[in-house]
Amino acid sequence: MRPNIADIPSPPVANKAGGSLFDLAELGKGVFEGSPDCVKVLDADGHILAMNRNGLCAMEIDDFRTIQGARWATLWTEENRQAIDSAVIAARSGRNYTLNLACPTAKGSPRWWAVTVSPIVGDNGEVARILSVSRDITEARFATEKVRVSEERFRSLVTATAAIVWGTPGSGQFDAEQPGWAAFTGQLFESMKGLGWLDAVHPDDRQKSATLWNEAIASGTMYETEHRLRRADGQFRHMSVRAVPISGPDNTITEWVGIHTDIHDRKESEAVLRDNEERVRLATESAELGLWVWHPSTDQVIWENARPYEIFGLSPDAPPITARQFLTDFVHQDHIAEFGHAVANTIETGARLHFQGRIRRKDGQIRWVEFFGNLQPHLDGDPQRIIGTVADITGSKDREEELRRLAANLSEADRRKTEFLAVLAHELRNPLAPIRHGLQLISTQVGNSETLIKVRDMLDRQVNQMVRLVNDLLDVARITSGKVELRKQRAEIGDLIKVAIETSLPLIESSKHRLTVTVPDESMLVYVDPERISQVISNLLNNAAKYTPAGGAIKLQVSHDDSEVIVSVTDNGIGIAPQSIGAVFDLFRQVGQDFERSQGGLGIGLSLVRQLVELHGGTASAESPGEGGGSTFMIRLAMIDAPAATVLGAENSPRVNEAKNMRILIADDNIDAAEILSLMLQVSGYTTELAHDGHAALKLARDLHPDVAFLDIGMPGMNGYEVAKALRNIPRLADITLVALTGWGGEQDRALSREAGFNHHFIKPVDMKVIEKLLSEIAPRRA
Ligand code: ADP
């Protein structure tokens, strides 16, 4: 049932004249029902007399009778009833009263009300009724609450972010305290106001920041930059800055809200990261390492730098090769299994990946590569991956191979040298036994001239053999240490052959070999050290004689082509097995060791042959059909066309007789050596004097004025050089011929003796023939 205003006994309404101008009751009813608010009429004690329809609706009261006559305060919640009572009391005493209160509807919906309570005065001037108008302000109230909550949230956010939040009016100048800014920078309002805040910005960033700020203000667009801001402790911190304009209803900017976020730590760690990356990049670049990442589950490969492209010979725009492609298209067959094992082992055990192998690059080159890798376990669902490096190790592999080869060669050379020492000892001991026996015979068979002649010949042979051995050894030492000196001159090859044959003939004849020599009847000139090349040919002849059973055939042939003279020595002896032929020229190499050793040597003859020939720019080679098939040794030397200026062979015959009256001084601390030389010279008719140290030599020379002095270099007291110098300072001895006798024959040694005043430099043991020749040349000058 709806209440009806007509039901309320209304107080009479009169105009000032006391007459009724219009129907006030009707008007009242209209206003009462038409009001959007909840309008109630109460009696003076606050009991509800009437309530309009909108009011019932707003309060969700279905039937007015349920509240009719009830005390108004009872409609309110407990805590508000007193306030309502106070309002009623105020109205009853003639005052208007307003209050804002919460009160749920009859059905419990929360509502806020703005309540105005006013007295209705009756004719008697007394407050007859009370009018209560409650306006539903719930929505407005919620909106305000929302704003409050949102502001509260914003404030907590700002406090929580440790960012600086600031605000300025539309002018962009600080005009009020900025607590965040002040707390961070330590700037007081006095210094930050206006654009004073720019003082806290790093001088290098200040200009840019100010310019951008002015542009933002002018254009009304967001201000966004980064700069360093001085913190209260003086440290500059990197800040990210943003400010947004807020516009008023007329679209002019009324204020700016800005935020400075401290990004210093992030910037620093970014810089550290960048620096780390740069270092890794530089290190891997300088080590020429390729960096890769591989996902085994998908076989996806990422190359982190350009190096892998170079290593695999691919263009930089090609996709990286996958493990599958590596196996099918690149890696050498030999390494496929190894690669598979290495990868499987890493995936299964987490052990470091290591693989070395050959690949064939796209351009066909074969290279060695080496991979290292580490397994990175699952990271938050990331698939497992292996990260590693790849390097081209072809260079170091080659060096490794070279070193291995050198080591093998060295140990082979070492083995041969040890073997050689054993052979050498044997070879040197061999002649000693006959020599000792020969000496015994000489003392017991003094009168037996037949025996003595045999003994002499035997001693001669044995000593020659030893001299040959020692000379060969010295030659090897000289060649190996690069000290050999070639005295090159033009020579007819035929003359060199003659000398070689003369040297080797005794050996060839002693084995009853037949020697056939074929030399074309034409001039063949070579530019060589004649002594050395004769030695080479004689070596080949000696070998042919040694390695051919008695009664063999030896052929020496000389021929030439357009540019070279070819000398070959062929025998029908024991031959050389095919597997040994390549090694016969190696030092200390003896391939047919079961052959009679007394015929043998030291395994240095052929090495000398090759080295001497090569020193002359020629070549030496060997051929043999195999064991028992004989051998051919061949040397080739460049031929020259011009006729020889000096051709060997035109020797002067010694004029021994003219020398007989010459006086010769021999100085050597090796008494035996001195005495033997002296004896030989005496036998040849010379007069000799002996000294065994430098001082004695000098004294004898002064006293006796010899024609020739043979001086040993290494003597006690004064050495040979010193004696020679002293002699050269004695004018009266100016014509004396000084001959150095020494074991040292290097160019430096010769220069030293020239400097000391020696005329000749002879190397021990000196052949008697050489000495005779020298003396025979001096004799005519002395006569
Ligand atoms: P040596 O004769 O002192 O042993 P060489 O250097 O002259 O040393 O020779 C090396 C090796 O080559 C000899 O030991 C021998 O086995 C082999 N050889 C040299 N010449 C001949 C040859 N004419 N016939 C067969 N084998 C030879």
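For the structure, see preceding data.
Predicted, not measured: the structure shown is a model, and the values here were computed from it.

**Student:** What is the right way to read the pairing of strand β24 (residues 708-712) from this model?
**Tutor:** The two faces of the sheet receive side chains in turn, since in a regular strand these alternate between them. Burial of β24 is extensive: five of the five residues sit out of reach of the surface. Every second residue of β24 is oriented toward a common face, with Val708, Phe710 and Asp712 on one face and Ala709 and Leu711 on the other, all of them buried. Direction of pairing for strand β22 (residues 663-667) relative to β24: parallel, over a ladder of four bridges. Following the sheet pairing, Ile664 is matched in β24 by Val708. A crossover connection joins β24 to the parallel strand β25 (residues 737-742) through helix α21 (residues 720-728); in handedness this β-α-β unit is right-handed.

**Student:** Looking at this model, I keep getting lost on the pairing of strand β23 (residues 687-691). Mind explaining?
**Tutor:** Judged from the five bridges that link them, β22 and β23 form a sheet pairing that is parallel. Considered in β23, the bridge of Leu665 is made with Glu689. Traced from β22 through helix α19 (residues 671-683) to β23, the parallel crossover comes out right-handed.

**Student:** Would you mind going over unusual backbone geometry with me for this structure?
**Tutor:** The phi torsion of most residues other than glycine is negative, and most of the peptide bonds are trans. If you check the backbone angles, Glu288 has positive phi at about 55° while not being a glycine. Tracing the backbone through its elements, the reader meets Glu288 in the loop between α8 (264-286) and β10 (290-295). The phi angle at Asp299 is positive, at roughly 60°, despite the residue not being glycine. Relative to the helices and strands, Asp299 is located in the loop between β10 and β11 (300-303).

**Student:** What is the right way to look at the packing of aromatic side chains in this model?
**Tutor:** What characterises a pair of aromatic rings is the spacing of the ring centres plus the angle enclosed by the ring planes. Inspection of every chain in the model, using the stated rule, returns 21 aromatic pairs. Relative to Phe326, the ring of Phe312 lies with its centre 6.1 Å away and its plane at 90°, an arrangement referred to as edge-to-face. Pair noted here: Phe312 is in helix α9 (residues 307-312) and Phe326 is in helix α10 (residues 323-330), with a separation of 14 residues, a long-range link. Take Phe312 and Phe326: they sit in the same class, and that class is buried. Ring geometry for Phe312 versus Phe330: centroids 5.5 Å apart, planes at 85°, classification edge-to-face.

**Student:** Help me out: how do you make sense of the sheet that holds strand β8 (residues 236-247) in this one?
**Tutor:** Remark on secondary structure: sheet strands pair via backbone hydrogen bonds, oriented parallel or antiparallel. Spatial strand order, β6-β9-β8-β7: four strands in an open sheet with antiparallel pairing. For this open sheet the edge positions go to β6 (164-169) and β7 (223-230), each flanked by a neighbour on one side alone. Geometrically, the sheet is characterised by an average inter-axis angle of 25° between neighbouring strands, direction not taken into account. The pairing of β8 with strand β9 (residues 253-262) spans nine bridges and is classified as antiparallel. Residue Ser240 lies in a different strand from β9, and its bridge partner there is Thr261. Strands in contact with helix α7 (residues 203-219) are β6, β7, β8 and β9; relative to β7, the strand with the most contacts, it is inclined by about 150°. Of the strands in this sheet, β7, β8 and β9 touch α8, which is tilted by about 130° from β8.

**Student:** What exactly am I supposed to notice about the environment of Val117 here?
**Tutor:** Mapped onto the elements of the fold, Val117 is located in strand β4 (residues 112-121). Classification of Val117 as buried rests on a relative accessible area of 0%. Taking the C-alpha atoms as reference points, Val117 and Thr105, twelve residues apart in sequence, are found 19 Å from one another. Those residues within four positions of Val117 in sequence are excluded, and the remaining contacts are Trp72, Ala87, Ala91, Arg95, Asn96, Tyr97, Ile130, Leu131 and Ser132.

**Student:** Looking at this structure, how should I read the packing of helix α13 (residues 449-480) against helix α15 (residues 530-546)?
**Tutor:** Where α13 contacts α15, the axes come no closer than 14 Å and their chain directions differ by 125°. In terms of their interaxial angle, α13 and α15 are classed as oblique. In this structure, α13 meets α15 at a crossing whose hand is left-handed. Contacts from Arg468, Asp472, Asp475 and Arg478 in α13 reach Arg532, Gln535 and Asn542 in α15.

**Student:** Could you clarify how one ought to interpret a nonpolar patch on the surface in this entry?
**Tutor:** Judged by side-chain polarity, Ile676, Leu679 and Met680 come together as a nonpolar surface patch covering roughly 270 Å² of accessible area. Structurally, Leu679 can be placed in helix α19. We classify Leu679 as partly exposed; its relative accessible area is 49%.

**Student:** It is not clear to me how the nonpolar core should be interpreted in this structure. Could you clarify?
**Tutor:** Where a protein is soluble and globular, its nonpolar side chains tend to be buried together. Grouped together as the largest cluster of nonpolar side chains are 46 residues, with contacts concentrated most on Ile493, Ile537, Leu541, Leu556, Val567, Val609 and Ile635. Those residues in contact with Ile635, other than ones at most four positions away along the chain, are Val536, Ile537, Leu540, Val565, Ile566, Val567, Val609, Val613, Thr619 and Ala620.

**Student:** Teacher, can you tell me more about the side chain of Ser534 here?
**Tutor:** The residue Ser534 is located in helix α15 in this model. Exposure remark for Ser534: the relative accessible area of 5% places this residue in the buried category. In this structure the side chain of Ser534 is engaged in a polar contact, spanning 2.9 Å, whose partner is the backbone oxygen of Pro530. Those residues in contact with Ser534 that sit more than four places away from it in its chain are Leu496, Val499 and Ala500.

**Student:** Even after reading the chapter, I still don't get the sheet that holds strand β26 (residues 760-763), so can you show me in this structure?
**Tutor:** The strand order across the open sheet formed by five strands is β23-β22-β24-β25-β26, and the pairing between neighbours is parallel. Each of the sheet's edge strands pairs with one partner strand only, and the pair in question is β23 and β26. On average, adjacent strands in this sheet sit at an angle of 20° to one another, irrespective of strand direction. Running at roughly 170° to β23, α19 makes contact with β22, β23, β24 and β25 of the sheet. Against the sheet, α21 engages β24 and β25, with an angle of about 150° to β24.

**Student:** Could you clarify how one ought to interpret the environment of His227 in this entry?
**Tutor:** Here His227 is to be found in strand β7. Looking at His227, the relative accessible area reads 2%, which means it is buried. Taking the C-alpha atoms as reference, His227 lies 9.8 Å from Pro203; in sequence the two are 24 residues apart. With residues up to four places along the chain from it excluded, the contact list for His227 reads Trp197, Val201, Asp205, Ser209, Arg237, His238, Met239, Val241 and His260. For His227, the side chain forms a polar contact with the side chain of Ser209, separated by 2.7 Å.

**Student:** Explanation requested: empty space enclosed by the protein in the structure shown.
**Tutor:** The gaps left among the atoms become clear once a water-sized probe is rolled over them. In the structure shown here, the tally under the stated rule is two cavities of 30 Å³ or more. Its boundaries defined by the atoms lining it, the largest cavity holds a volume of some 200 Å³. In this structure, the largest cavity is lined by 15 residues; those nearest its centre are Trp292, Val301, Ala323, Phe339 and Phe371. Those elements that provide at least two residues to the lining of the largest cavity are β10, β11, α9, α10 and α11 (336-349). Split into classes, the residues belonging to the lining of the largest cavity amount to 14 nonpolar, one polar and no charged. In this model, the second largest cavity occupies a volume close to 70 Å³. Around the second largest cavity sit Cys38, Lys40, Met51, Met59, Trp72, Leu75, Trp76, Cys103, Trp113 and Ser134, which together line it. Of the residues in the lining of the second largest cavity, the class split is eight nonpolar, one polar and one charged.

Rules of the game
Residues numbered from 1 in each chain as written. Predicted model: local features only at pLDDT ≥ 70, side-chain atom pairs only at ≥ 80, totals over all residues. Heavy atoms only, no water. Buried < 20%, exposed > 50% of the residue type's maximum accessible area, 1.4 Å probe, protein only. Helix = DSSP H or I, 4+ residues; strand = E, 2+ residues; numbered from the N terminus. Pairing = 2+ DSSP bridges. Right-handed = clockwise from strand over helix to strand, strands pointing away. Phe/Tyr/Trp six-rings, centres within 6.5 Å; stacked < 30°, edge-to-face > 60°. Axes fitted to C-alpha atoms, helices over the stretch in contact; angles between N-to-C directions. Contact = heavy atoms within 4.5 Å. Parallel < 35°, antiparallel > 145°, perpendicular 65-115°, else oblique. Left-handed = near helix turned anticlockwise from the far one by under 90°. Patch = residues over 30% accessible without salt bridge, like charges linked within 9 Å, V, L, I, M, F, W, Y side chains within 5 Å. Areas by Shrake-Rupley, 256 points an atom, 1.4 Å probe, with all protein chains shown as cover. Salt bridge = Lys/Arg side-chain N within 4 Å of Asp/Glu carboxyl O. Core = buried A, V, L, I, M, F, W, Y, C linked by side-chain atoms within 4.5 Å. Polar contact = N/O pair within 3.5 Å; in protein donor to acceptor, adjacent residues only side chain to side chain. 1 Å grid on protein atoms, 1.4 Å probe; cavity = no way out; pocket = protein on both sides within 12 Å on 5 of 7 lines; lining within 4 Å. Points joined across faces, edges and corners; volume = space filled by probe spheres on them. Nonpolar A, V, L, I, M, F, W, Y, C, P; charged D, E, K, R; others polar.

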